[in-house]
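Residues per chain, in single letters:
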Amino acid sequence: MALQDPMTGTHDTPPQAWRTRADRIAHHPAMRWGLAGPAAAILSVMVMMGMGHWWPRGAAGVDNLAMPVILFPLIWAALFFYAILEERMLRGVIVFAALLIFHIGFLAINLG
């Protein structure tokens, strides 16, 4: 129930009252869990696979193979915390999709 402010005469509505169905779905805990859990894990594996192609080889010629494996936990943690801390879930989904499309395309070009 909306409360009327005696000073201004306006109605104070609770934040949940103005949310649309799409907003409720986008802010559902399962959406955040899915983005932070399986999506972050799959995307971090894709980034690790693509990293071998754009990371410099180094003096010994193995940096592009070793560094993605070493940095994998950091990549996963960054994606996980981004998904947990992102306020706008649609923007988080767009960022994850852009990273995924970029690395899939990069792998397709380099391996194809």
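Residues numbered from 1 in each chain as written. Predicted model: local features only at pLDDT ≥ 70, side-chain atom pairs only at ≥ 80, totals over all residues. Heavy atoms only, no water.

**Things to note about the nonpolar core**
Item 1. Ranked by size, the top nonpolar core spans 11 residues in total: Leu35, Ala36, Ala40, Leu43, Val47, Met51, Ile75, Leu79, Ala83, Met89 and Phe96.
Item 2. Elements that contribute at least two residues to this core include exactly helix 3 (29-54), helix 4 (63-85) and helix 5 (89-111).
Item 3. When residues in this core are grouped by element, the largest group, 6 residues, is from helix 3.
Item 4. Residues contacting Ala83, with those up to four places away along its chain left out, are Arg32, Leu35, Ala36, Met89 and Phe96. (Core = buried A, V, L, I, M, F, W, Y, C linked by side-chain atoms within 4.5 Å. Buried < 20%, exposed > 50% of the residue type's maximum accessible area, 1.4 Å probe, protein only. Helix = DSSP H or I, 4+ residues; strand = E, 2+ residues; numbered from the N terminus. Contact = heavy atoms within 4.5 Å.)

**Re the packing of helix 3 against helix 4**
Item 1. For the pair helix 3 and helix 4, the least separation of the axes is 8 Å and the interaxial angle reads 155 degrees. When the axes of helix 3 and helix 4 are compared, the pair comes out roughly antiparallel. As for how helix 3 packs across helix 4, the hand of that crossing is right-handed. The segment helix 3 lies against helix 4, with Arg32, Leu35, Ala36, Ala40, Ala41, Leu43, Ser44, Val45, Val47, Met48, Met51 and Gly52 engaging Asn64, Pro68, Val69, Leu71, Phe72, Ile75, Trp76, Leu79, Phe80, Ala83, Ile84 and Leu85.
Item 2. Classifying every residue of the contact of helix 3 with helix 4 gives 20 nonpolar, 3 polar and 1 charged. (Axes fitted to C-alpha atoms, helices over the stretch in contact; angles between N-to-C directions. Parallel < 35°, antiparallel > 145°, perpendicular 65-115°, else oblique. Left-handed = near helix turned anticlockwise from the far one by under 90°. Nonpolar A, V, L, I, M, F, W, Y, C, P; charged D, E, K, R; others polar.)

**A word on helix 3**
Item 1. With 26 residues, helix 3 should reach 38 Å at 1.5 Å per residue; the first-to-last C-alpha distance of 35 Å fits that figure.
Item 2. The sharpest bend along helix 3 comes to roughly 40 degrees, located at Ala39.
Item 3. Of the positions making up helix 3, those classed as buried are Leu35, Ala36, Ala40, Leu43, Ser44, Met46, Val47, Gly50, Met51 and Gly52.
Item 4. Tucked inside the fold, the buried residues of helix 3 contact helix 4 and helix 5. (Expected span 1.5 Å × (residues − 1). Bend = angle between axes of the 7 residues up to and from the residue.)

**Notes on the confidence of the model for the protein**
Item 1. Summing up the model confidence of the protein, the mean pLDDT is 84 and the portion of residues at 70 or higher is 80%.
Item 2. The secondary structure element of the protein with the lowest average pLDDT is helix 1 (residues 15-18), at 55, and the one with the highest is helix 4, at 93. (pLDDT = per-residue confidence, 0-100.)

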